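Secondary and tertiary structure notes
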Amino acid sequence: MTFSSLMDALLGFLFPDRCVGCRRSGALFCPTCRAALRPYPLDDPPPGLDAMLVPWLYEGALRQAIHRMKYRSQRRMAAPLGDLLAAQLRHHPQPADAIIPVPLHTTRLAERGFNQSTELAARIARATGIPLVSGLERCRDTGHQAQLGRRERQQNIAAAFVWTVYAPPPARVLLVDDVLTTGATLVACADALRAVGTQEVRAVALARSLAPAQKMIQ
Ligand SMILES: [Zn+2]
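The sections below set out a description of the structure shown in this document. Remember, predicted model here, so these are calculated numbers, not experimental data.

Before going further, it helps to examine the pairing of strand 6 (residues 172-180). Most of strand 6 sits inside the fold, with eight of its nine residues counted as buried. Summarising the sheet, strand 6 and strand 7 (residues 200-208) pair through eight bridges and their orientation is parallel. Bridge pairing in strand 7 places L175 opposite A203.

Given below as C-alpha coordinates:
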(Lines give C-alpha, C1' and ligand atoms only; values in the text may rest on other atoms or scores of the structure.)
Protein backbone atom coordinates (compact mmCIF):
# COMPACT_ATOMS: atom_id res chain seq x y z
CA MET A 1 0.00 0.00 0.00
CA THR A 2 1.44 3.37 -1.03
CA PHE A 3 1.47 6.37 1.28
CA SER A 4 -1.20 8.18 -0.73
CA SER A 5 -3.55 5.18 -0.82
CA LEU A 6 -3.00 4.77 2.92
CA MET A 7 -3.89 8.44 3.40
CA ASP A 8 -7.00 8.00 1.23
CA ALA A 9 -8.07 5.02 3.34
CA LEU A 10 -7.47 6.97 6.55
CA LEU A 11 -9.37 10.04 5.32
CA GLY A 12 -12.19 7.80 4.10
CA PHE A 13 -12.41 6.29 7.59
CA LEU A 14 -12.35 9.67 9.36
CA PHE A 15 -14.64 11.45 6.89
CA PRO A 16 -16.90 8.89 5.20
CA ASP A 17 -18.33 9.93 1.85
CA ARG A 18 -21.78 11.47 2.03
CA CYS A 19 -24.21 11.54 -0.85
CA VAL A 20 -24.52 14.94 -2.50
CA GLY A 21 -28.29 14.43 -2.82
CA CYS A 22 -29.58 12.80 0.39
CA ARG A 23 -26.54 13.22 2.70
CA ARG A 24 -26.54 9.51 3.62
CA SER A 25 -23.04 8.19 4.20
CA GLY A 26 -21.42 5.54 2.04
CA ALA A 27 -21.11 7.13 -1.42
CA LEU A 28 -20.55 10.52 -3.03
CA PHE A 29 -23.66 10.03 -5.18
CA CYS A 30 -25.80 7.15 -3.94
CA PRO A 31 -27.69 4.66 -6.18
CA THR A 32 -31.09 5.93 -4.95
CA CYS A 33 -30.31 9.52 -5.92
CA ARG A 34 -28.80 8.38 -9.23
CA ALA A 35 -31.93 6.38 -10.04
CA ALA A 36 -34.06 9.48 -9.34
CA LEU A 37 -32.42 11.66 -12.00
CA ARG A 38 -34.93 13.03 -14.48
CA PRO A 39 -34.17 12.51 -18.18
CA TYR A 40 -33.66 15.39 -20.54
CA PRO A 41 -36.23 15.26 -23.35
CA LEU A 42 -34.86 13.73 -26.56
CA ASP A 43 -33.55 16.37 -28.89
CA ASP A 44 -31.92 16.50 -32.32
CA PRO A 45 -28.20 17.32 -32.26
CA PRO A 46 -27.33 20.89 -33.28
CA PRO A 47 -26.07 21.30 -36.88
CA GLY A 48 -22.39 20.30 -36.90
CA LEU A 49 -22.77 17.28 -34.62
CA ASP A 50 -23.62 13.79 -35.92
CA ALA A 51 -25.19 12.76 -32.62
CA MET A 52 -25.56 14.08 -29.12
CA LEU A 53 -26.30 12.19 -25.91
CA VAL A 54 -27.38 14.31 -22.95
CA PRO A 55 -29.20 12.01 -20.54
CA TRP A 56 -30.38 14.25 -17.71
CA LEU A 57 -31.90 17.54 -16.68
CA TYR A 58 -29.51 19.95 -15.00
CA GLU A 59 -31.26 20.11 -11.65
CA GLY A 60 -31.32 18.75 -8.10
CA ALA A 61 -28.64 16.36 -6.91
CA LEU A 62 -26.93 16.19 -10.29
CA ARG A 63 -26.63 19.98 -10.42
CA GLN A 64 -25.15 19.96 -6.91
CA ALA A 65 -22.71 17.20 -7.84
CA ILE A 66 -21.51 19.11 -10.91
CA HIS A 67 -21.19 22.30 -8.85
CA ARG A 68 -19.08 20.53 -6.26
CA MET A 69 -16.82 19.16 -8.94
CA LYS A 70 -16.42 22.46 -10.80
CA TYR A 71 -16.67 25.24 -8.29
CA ARG A 72 -15.54 23.54 -5.10
CA SER A 73 -12.79 21.58 -6.84
CA GLN A 74 -14.09 18.23 -5.62
CA ARG A 75 -12.24 16.24 -8.21
CA ARG A 76 -13.34 12.87 -6.81
CA MET A 77 -16.93 13.67 -7.82
CA ALA A 78 -15.88 13.07 -11.43
CA ALA A 79 -15.68 9.31 -10.73
CA PRO A 80 -19.40 8.64 -10.06
CA LEU A 81 -20.41 11.23 -12.68
CA GLY A 82 -18.13 9.73 -15.32
CA ASP A 83 -19.40 6.26 -14.49
CA LEU A 84 -22.98 7.47 -14.95
CA LEU A 85 -22.12 8.64 -18.45
CA ALA A 86 -20.23 5.44 -19.23
CA ALA A 87 -23.32 3.43 -18.25
CA GLN A 88 -25.45 5.56 -20.59
CA LEU A 89 -22.97 4.93 -23.40
CA ARG A 90 -23.35 1.19 -22.88
CA HIS A 91 -27.07 1.57 -23.65
CA HIS A 92 -26.54 4.14 -26.43
CA PRO A 93 -23.13 3.35 -27.98
CA GLN A 94 -21.52 6.17 -29.97
CA PRO A 95 -19.01 4.94 -32.58
CA ALA A 96 -15.69 6.76 -32.07
CA ASP A 97 -11.96 6.28 -32.55
CA ALA A 98 -11.11 8.72 -29.79
CA ILE A 99 -12.58 10.56 -26.83
CA ILE A 100 -11.73 14.26 -26.60
CA PRO A 101 -12.81 16.44 -23.67
CA VAL A 102 -13.95 20.02 -24.28
CA PRO A 103 -10.79 21.91 -23.33
CA LEU A 104 -10.55 24.70 -20.77
CA HIS A 105 -8.50 27.80 -21.43
CA THR A 106 -5.19 27.66 -19.57
CA THR A 107 -6.27 30.55 -17.30
CA ARG A 108 -9.36 28.65 -16.14
CA LEU A 109 -7.40 25.42 -15.89
CA ALA A 110 -4.93 27.15 -13.57
CA GLU A 111 -7.79 28.51 -11.42
CA ARG A 112 -9.50 25.12 -11.04
CA GLY A 113 -6.46 22.87 -11.10
CA PHE A 114 -8.13 20.33 -13.39
CA ASN A 115 -10.51 20.16 -16.34
CA GLN A 116 -13.76 18.55 -15.21
CA SER A 117 -14.48 17.34 -18.76
CA THR A 118 -11.09 15.59 -18.91
CA GLU A 119 -11.88 13.86 -15.62
CA LEU A 120 -15.23 12.64 -16.97
CA ALA A 121 -13.64 11.65 -20.30
CA ALA A 122 -10.96 9.60 -18.52
CA ARG A 123 -13.62 7.55 -16.72
CA ILE A 124 -15.49 7.00 -19.99
CA ALA A 125 -12.27 5.99 -21.77
CA ARG A 126 -11.54 3.48 -19.02
CA ALA A 127 -15.03 1.98 -19.22
CA THR A 128 -15.35 1.88 -23.02
CA GLY A 129 -11.75 1.16 -24.05
CA ILE A 130 -11.85 4.10 -26.51
CA PRO A 131 -8.60 6.07 -26.11
CA LEU A 132 -8.54 9.55 -24.60
CA VAL A 133 -6.72 11.84 -27.03
CA SER A 134 -5.35 15.32 -26.42
CA GLY A 135 -4.59 17.95 -29.07
CA LEU A 136 -7.68 20.14 -29.06
CA GLU A 137 -6.98 23.40 -27.21
CA ARG A 138 -8.98 26.47 -26.29
CA CYS A 139 -6.96 29.30 -27.77
CA ARG A 140 -9.21 32.13 -26.63
CA ASP A 141 -10.46 32.83 -23.13
CA THR A 142 -14.19 33.16 -23.73
CA GLY A 143 -14.88 34.28 -20.16
CA HIS A 144 -17.99 33.31 -18.22
CA GLN A 145 -20.75 32.66 -20.71
CA ALA A 146 -23.58 32.12 -18.24
CA GLN A 147 -24.94 35.66 -18.62
CA LEU A 148 -24.89 35.69 -22.43
CA GLY A 149 -27.81 34.98 -24.76
CA ARG A 150 -27.78 32.31 -27.46
CA ARG A 151 -26.48 34.49 -30.30
CA GLU A 152 -23.88 36.18 -28.10
CA ARG A 153 -22.62 32.80 -26.93
CA GLN A 154 -22.25 31.56 -30.48
CA GLN A 155 -20.28 34.64 -31.51
CA ASN A 156 -18.18 34.47 -28.37
CA ILE A 157 -17.27 30.81 -28.77
CA ALA A 158 -16.79 30.52 -32.55
CA ALA A 159 -13.13 29.93 -33.47
CA ALA A 160 -12.14 29.56 -29.82
CA PHE A 161 -10.71 26.05 -30.40
CA VAL A 162 -7.79 24.76 -32.44
CA TRP A 163 -6.14 21.39 -33.15
CA THR A 164 -2.55 21.84 -32.01
CA VAL A 165 -0.63 18.72 -32.99
CA TYR A 166 0.97 17.90 -36.36
CA ALA A 167 -0.76 14.54 -36.75
CA PRO A 168 -4.30 14.78 -38.10
CA PRO A 169 -7.11 14.37 -35.57
CA PRO A 170 -8.99 11.06 -35.30
CA ALA A 171 -11.63 10.39 -37.98
CA ARG A 172 -14.46 9.79 -35.52
CA VAL A 173 -14.47 11.78 -32.30
CA LEU A 174 -16.63 11.61 -29.20
CA LEU A 175 -16.55 14.98 -27.43
CA VAL A 176 -17.18 15.05 -23.68
CA ASP A 177 -18.58 18.02 -21.77
CA ASP A 178 -20.19 18.38 -18.35
CA VAL A 179 -23.17 20.68 -18.88
CA LEU A 180 -24.76 21.82 -22.10
CA THR A 181 -26.54 25.10 -22.59
CA THR A 182 -27.02 25.95 -26.26
CA GLY A 183 -24.52 23.44 -27.65
CA ALA A 184 -22.47 26.28 -29.18
CA THR A 185 -19.29 25.12 -27.41
CA LEU A 186 -19.59 21.57 -28.76
CA VAL A 187 -20.32 22.86 -32.26
CA ALA A 188 -17.25 25.14 -32.11
CA CYS A 189 -15.11 22.15 -31.05
CA ALA A 190 -16.58 20.06 -33.89
CA ASP A 191 -15.85 22.85 -36.40
CA ALA A 192 -12.20 23.02 -35.28
CA LEU A 193 -11.81 19.24 -35.65
CA ARG A 194 -13.56 19.03 -39.02
CA ALA A 195 -11.41 21.89 -40.33
CA VAL A 196 -8.35 19.62 -40.03
CA GLY A 197 -9.84 16.31 -41.12
CA THR A 198 -12.23 14.74 -38.61
CA GLN A 199 -15.19 13.14 -40.39
CA GLU A 200 -17.69 12.44 -37.65
CA VAL A 201 -18.22 14.23 -34.35
CA ARG A 202 -20.57 13.00 -31.66
CA ALA A 203 -20.93 14.44 -28.20
CA VAL A 204 -21.92 13.39 -24.72
CA ALA A 205 -22.65 15.60 -21.73
CA LEU A 206 -24.17 14.92 -18.35
CA ALA A 207 -26.98 17.41 -18.27
CA ARG A 208 -28.74 20.30 -19.88
CA SER A 209 -31.01 23.07 -18.65
CA LEU A 210 -34.42 23.29 -20.23
CA ALA A 211 -34.77 26.17 -22.66
CA PRO A 212 -37.38 28.76 -21.56
CA ALA A 213 -39.90 27.56 -24.21
CA GLN A 214 -39.60 23.95 -22.99
CA LYS A 215 -40.05 25.05 -19.37
CA MET A 216 -43.41 26.56 -20.30
CA ILE A 217 -44.77 23.30 -21.72
CA GLN A 218 -43.50 21.12 -18.86
ZN1 LIG B 1 -28.36 9.97 -2.15
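Next up on the list: the pairing of strand 7. Burial analysis of strand 7 places eight of its nine residues in the buried class, which makes it a mostly covered element. Where strand 1 (residues 51-53) lies against strand 7, three bridges are found, and the strand directions are parallel. Following the sheet pairing, A51 is matched in strand 7 by R202. Pairing of strand 2 (residues 56-57) with strand 7 involves two bridges; the strand directions are parallel. Looking at the pairing, W56 lines up with A207 of strand 7.

Quick look at the nonpolar core now. Counting residues in each nonpolar core, the largest one holds 35 residues, and the members touching the most others are F29, L62, I66, L81, I99 and L206. Of all the secondary structure elements, the ones that give two or more residues to this core are helix 3 (60-71), helix 4 (78-91), helix 6 (116-128), strand 6 and strand 7. The contact partners of I66, leaving out residues within four places of it in the chain, are Y58, L81, D178, V179, L206 and A207. Ranked by size, the runner-up nonpolar core spans 23 residues in total, among them M52, I100, A190 and V201.

For the rest of this paragraph, the subject is the coordination of the zinc ion. Looking at the zinc ion, the protein donor atoms are C19 (SG), C22 (SG), C30 (SG) and C33 (SG), and they sit 2.2 to 2.4 Å from it. Because the angles between the four donor atoms bound to the zinc ion fall within 107 to 113 degrees, the donor set is best described as tetrahedral. Binding-site remark: the zinc ion is held by donors from one chain whose sequence spacing is C-x2-C-x7-C-x2-C. Since its relative accessible area comes to 29%, C22 is described here as partly exposed.

In this structure, R23 is a non-glycine residue whose phi angle is positive, near 70 degrees. Here R23 is to be found in the loop between helix 1 (3-14) and helix 2 (31-35). Overall, R23 belongs to the partly exposed group, its relative accessible area being 44%. Even without a glycine there, the phi angle at S73 is positive, about 50 degrees. Tracing the chain through its elements places S73 in the loop between helix 3 and helix 4.

The rules behind these values
Residues numbered from 1 in each chain as written. Predicted model: local features only at pLDDT ≥ 70, side-chain atom pairs only at ≥ 80, totals over all residues. Heavy atoms only, no water. Buried < 20%, exposed > 50% of the residue type's maximum accessible area, 1.4 Å probe, protein only. Helix = DSSP H or I, 4+ residues; strand = E, 2+ residues; numbered from the N terminus. Pairing = 2+ DSSP bridges. Core = buried A, V, L, I, M, F, W, Y, C linked by side-chain atoms within 4.5 Å. Contact = heavy atoms within 4.5 Å. Donors = N, O, S within 2.8 Å, 3.2 Å for Na, K, Ca; no water. Tetrahedral: all angles 85-135°; square planar, octahedral: opposite > 155°, others 65-115°.

Spatial relationships are all this shows, so hold off on functional conclusions.
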